Structure formats: structure tokens, C-alpha cells
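# Analysis of the macromolecular model
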Amino acid sequence: MNRNALLVTYYWPPSGGAGVQRPLKFAKYLPRFNVIPFVLTVENPTYPIIDETLVEDVPDEGRVFQSKTCEPFSLYARLTGRSVEDSTKPTIQLASGGWKTKLSAWIRSNLFLPDARAGWLLTARHKALEITRNHKIDTIITTGPPHSVHFAGRYVKKQTGIQWIADFRDPWTGVYYNKLMPRTRLASAIDKKMERSVLSSADEVIVISDSMADIQRDILARPYHVIPNGFDPDDFDIPADDPEYDGNRGENSRFLIRFVGSVRDGAIPEGFLKALAAVQDRSKFRMEFIGNAHPSLQRWIERLGLQDSVELKSYVPHEEAIRAMCRADLLLLSISKTPGSELILTGKLFEYLGSGTPVLFLGTTSGDAADVIREVGQGACFEHDQVREITRFLEEFDSTIARSLSKPRGDRQHPYSRIRLTEQLAELIHHR
């Protein structure tokens, strides 16, 4: 029997970036498991990245509804002299600027709780209730961040008694960068109280890793379901005769290494760049960074004299980014060096896995991301400061190693396939 589910998400096409992938792919595959997805999203959002190609993945089943939001980002832009898009960056990035930027970071950290998107609740919770009643919704699913969306789920559950599933793509108060934010004790206490109210009210809570479940248990002891991020096999359905994909990984005259995604200040792969500069035959490699990059990356490239080996390219649509992953010989993944980074499971990691291309990981080798790479046997893992070891890996890298670390592209039965992960969500919905 079909069930109707309402998915409340701030990020929805044409939003680009990592935040949109999880809710979009859940909605895409839920109909396979007898769940009709209705979606509530924002009518006038402030998205830092736009990707129109993702609209193609919006399912025909169900409907998409919108409601207006009121957000402070235009005020931030005037205060700091930045664009509205820059003002939507994480608070931790704003806190590293001048006094105006630091002031706006303090305001966001202490006055807008639980986050600066909370203005959407003025319309979202009432619109969610209207949809629930008009379309016989059985389950409401809220996915954050922004974690303010969970209060729409709590409101609908309180009014109707239907099942509410809260999906956490990142920790709330336990997220690693909270320790680096200019937050007062009072604000932290209020935020934690808000989080506990959500965790204690939701029928089911989903997190993306066992480590994240441990973090949440410190906030409130209760059962947590682990449904990790993943990749969509359909995204990797690239024809073998695609002129931009040669399918001969490791056979080119130069090995192509790519980093696909945003490079933030704390995740600049300095150790890898030093290793590349130290390789005896640097002409063996060509390196491309595809996506938004912090200005420090260019300075590191120039400092190490790597201008002839490393190229910076701007953000590309998701579909093109996937092709770039598949066409590389080696993919670079760099996790932030900040405290708590061992818990980070970036969505990009799983798309790297979906490409089948070998992965060179930089970060905490005892962390969650390194564990996933070792679990599937698709790469090599190093700490950021293991320059000699990374250099040795690059010097020994050849077509034989490339093939031995490669995996089937877009494997639908892969443990991190979005199809299999959505089935787990559907089981929670049908279980009620």
C-alpha cells in the first residue's frame, strides 16, 4: 500500500552543492518503495550555488510546494560590504574577516537561533500543516541543516499526531565548528535546549554515521537510525563512447588527478601540494581543482612553483562534475584539519566512490571518511603532514595500481547506492 510522505527541506533544485543531494535523491527513489513524496521548500531562498541541471531529478510523483522566507542575509551584505551569496557562507568563514564581518558572525551565532534560516518557520510550519491535511500525509520528514526546519515537523506532529522523522545531515550543537564560533554560554544553552526538544519529540531520528549517533546520544540518549550519504547510480550512467570519457584509466601519457568541489581554507591540501612538488618526475602528473577555491590555494601553488602542473577551474554543474570524476585517474579528497574533523563524511566522498576512480585521501586516517575508503578498498589514506609518504605513493603510482584500486562505476548494489539507502528510509515510513 502506498503511503504519502511530506519532505521539508530548505535545499531543493535549482540549489546546487552538497546540501540538496540527500533530500533530492530520497524524493527521487521513494516511489520505488511505495512512498509518494510531497516536498515543501522555500519560494525565495538564498542559495550560494545554483545548478539548474538538478531539476531533471525531481520526481513526477507527488508535488512540490513552496512558502516564503524572511532572512537576514541582505542586511549582512550591506553591513559587511559583501555580496548576498558571500553572506550565506558558514559562520566559521565569516568569523575570519574584518571587524564588520566578525560582528555579523557574532550576531548570527548568538541572535539567530538555531540558525539564520529560522525565518522560514513563519510560513513553513503552517504550509506543512495545510499540505498534511489536504493530501492525507502519513509521515513528515524534516532534513537539516538548517536545523530550524525540524520545528515545522514538531508543529505538524503536535497538531495531527502523524509520524515525524527528523533527518540530521550534520550534527546540530555538536558540529565541530561550533567550538570555533563566537558564541556565548547563554546562546549555547538555548540552542542545546532547542535541539533536545526536537530529539525528544521526533518519532525517529536519522543520522549519517555511527560517530554522529554517538554525538547525538551525548545530547539526548535515544535510538538513532544510521542512513549514510551515498551516490546516485543514474548519475554515473555515462556512455562508453562519450567523447569526454576515454575509459582508459591509467593509460594516458600523464596521470590526471582531480579535486572536484569547494576548497575551503582549513582543507587546503598543503601536504599533497608539497608532495607533488617533491616528485622526481612531475611531468607524470596533471592536477586540476574544479570548483570554488579559497585564495590561499593559489598562493600555495605559486609558492611551490606548481603553476605548470596545477590548474584551477571554476564551479561546474553537478552532471559535469560527475563526468570529471569518472575521467580522472586519481581523485583527491581533503578533509578539514579543524578539531572534530575525524567525524566529517562529506557527500563528495560518496560520489567519488560512485565514479569508481581511486581516491587519495588527506585527513585523519582514524576518522570516518578514511574508514569508508578502506572498507570499499578504493584508495589510499594519509594524514595531512605525511608528505614523504604521499610523495612515495605518487612516485609509485602507475596503471597497475590505478586499476587495482578502481571499482565498478555506478554500482546499483553498492552499499552506498542512494537506491539502497532510500529503501532504508522507506522501511521506517512503512514500519509505523
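My aim in this report is to walk through the structure given alongside it, one point at a time. (Residues numbered from 1 in each chain as written. Predicted model: local features only at pLDDT ≥ 70, side-chain atom pairs only at ≥ 80, totals over all residues. Heavy atoms only, no water.)

## Some thoughts on the pattern of salt bridges
Applicable threshold: When a carboxyl oxygen of Asp or Glu lies within 4 Å of a side-chain nitrogen of Lys or Arg, that pair is called a salt bridge. Burial classification: accessible surface area is computed with a 1.4 Å probe over protein chains only, and a residue below 20% of its type maximum counts as buried, one above 50% as exposed, and the rest as partly exposed. For helices the rule is a DSSP run of H or I covering at least 4 residues; for strands it is a run of E covering at least 2, with both sets numbered from the N terminus onward.
Applying the stated rule across the entire model yields 19 salt bridges. The salt bridge involving R183 is made with D191; its shortest N-O contact spans 2.7 Å. No difference in accessibility class separates R183 from D191, as the two residues are buried. For the salt bridge of R374 with D371, the shortest nitrogen-to-oxygen distance reads 2.9 Å. Taken together, the residues span about one helical turn, with R374 and D371 both in helix α14 (residues 368–376) at a distance of three residues. Relative accessible area serves as the criterion here: at 44%, R374 is assigned to the partly exposed category. Connected through shared salt-bridge partners, K25, K28, D57, D232, D234, D235 and R412 make up one network.

## Here's the deal with the sheet that holds strand β13 (residues 379–382)
To keep things clear, this is the line we draw: Two strands are counted as paired when DSSP detects at least two bridges linking them. Working convention: axes come from line fits to C-alpha atoms, limited for helices to the stretch in contact. Angles between N-to-C directions cover 0 to 180 degrees.
The six strands lie next to each other as β10-β9-β8-β11-β12-β13, forming an open sheet whose pairing is parallel. Two strands lie at the open edges of the sheet, namely β10 (310–313) and β13, each paired on one side alone. For this sheet the average axis-to-axis angle between neighbouring strands, irrespective of direction, equals 20°. Across two bridges, the pairing between strand β8 (residues 255–260) and strand β11 (residues 330–334) is parallel. Residue R258 lies in a different strand from β11, and its bridge partner there is L331.

## Quick look at the nonpolar core
Among soluble globular proteins, nonpolar side chains are generally buried collectively. Cut-off, in case you're wondering: For this analysis, a nonpolar core means a set of buried residues of the types Ala, Val, Leu, Ile, Met, Phe, Trp, Tyr and Cys, connected via side-chain atoms within 4.5 Å. Whether two residues touch is decided by their heavy atoms; if any such pair falls within 4.5 Å, the residues are in contact.
F272 and L394 are the most contacted members of the largest nonpolar core, which has 120 residues in total. Look past the residues within four positions of L394 in its chain and what remains in contact with it is I257, F272, A275, L276, V279, K284, F285, L330 and L360.

## Topic: unusual backbone geometry
With an omega of 5°, the peptide bond running from L113 to P114 counts as cis. The backbone of N34 sits at a positive phi, close to 60°, despite the residue not being glycine. Among the secondary structure elements, N34 is positioned in the loop between α1 (21–29) and β2 (35–42).

## Some points on the sheet that holds β2
Taken together, seven strands build an open sheet; the order of strands is β3-β2-β1-β4-β5-β6-β7 and the sheet is parallel. Unpaired on one side and paired on the other, β3 (64–67) and β7 (225–226) mark the two borders of the sheet. As paired strands, strand β5 (residues 163–168) and strand β6 (residues 204–207) are joined by three bridges and run parallel to one another. For D167, the partnering residue across the bridge sits in β6 and is I206. Across the sheet, helix α17 (residues 418–431) is in contact with β1 (3–8), β2, β4 (139–144), β5, β6 and β7; its angle to β5 comes to roughly 155°.

## Quick notes on the packing of helix α13 (residues 347–355) against α14
Quick note on the threshold: Oblique is the label for any angle not under 35 degrees, not over 145, and not in the 65 to 115 range, which are roughly parallel, roughly antiparallel and roughly perpendicular in turn. Crossing chirality is assigned from the near helix's rotation relative to the far helix, an anticlockwise turn below a right angle marking it left-handed and a clockwise turn marking it right-handed. Charged residues are taken to be Asp, Glu, Lys and Arg, nonpolar residues to be Ala, Val, Leu, Ile, Met, Phe, Trp, Tyr, Cys and Pro, and polar residues to be all remaining types, Gly included.
One way to put it is that α13 packs onto α14 with a least axis distance of 11 Å and a crossing angle of 15°. Between α13 and α14, the angle is such that the two are roughly parallel. Considering the relative orientation of α13 and α14, their crossing is right-handed. Packed against α13, whose contacting residues are L349, F350 and L353, the element α14 presents A369, V372, I373 and V376 at the interface. Each residue belonging to the contact of α13 with α14 can be placed in one class, and the counts come to seven nonpolar, no polar and no charged.

## What about the side chain of E195?
Definition in use: Charged residues are defined narrowly, with Lys and Arg counted positive, Asp and Glu counted negative, and His plus the chain ends left uncounted.
Within the secondary structure, E195 sits in helix α8 (residues 185–201). Despite its burial, E195 pairs with no opposite charge, the nearest such side chain being K192 at 6.7 Å. The contact partners of E195, leaving out residues within four places of it in the chain, are F168, W172, T173, Q216 and I219.

Interpretation in functional terms is not warranted from these geometric data alone.
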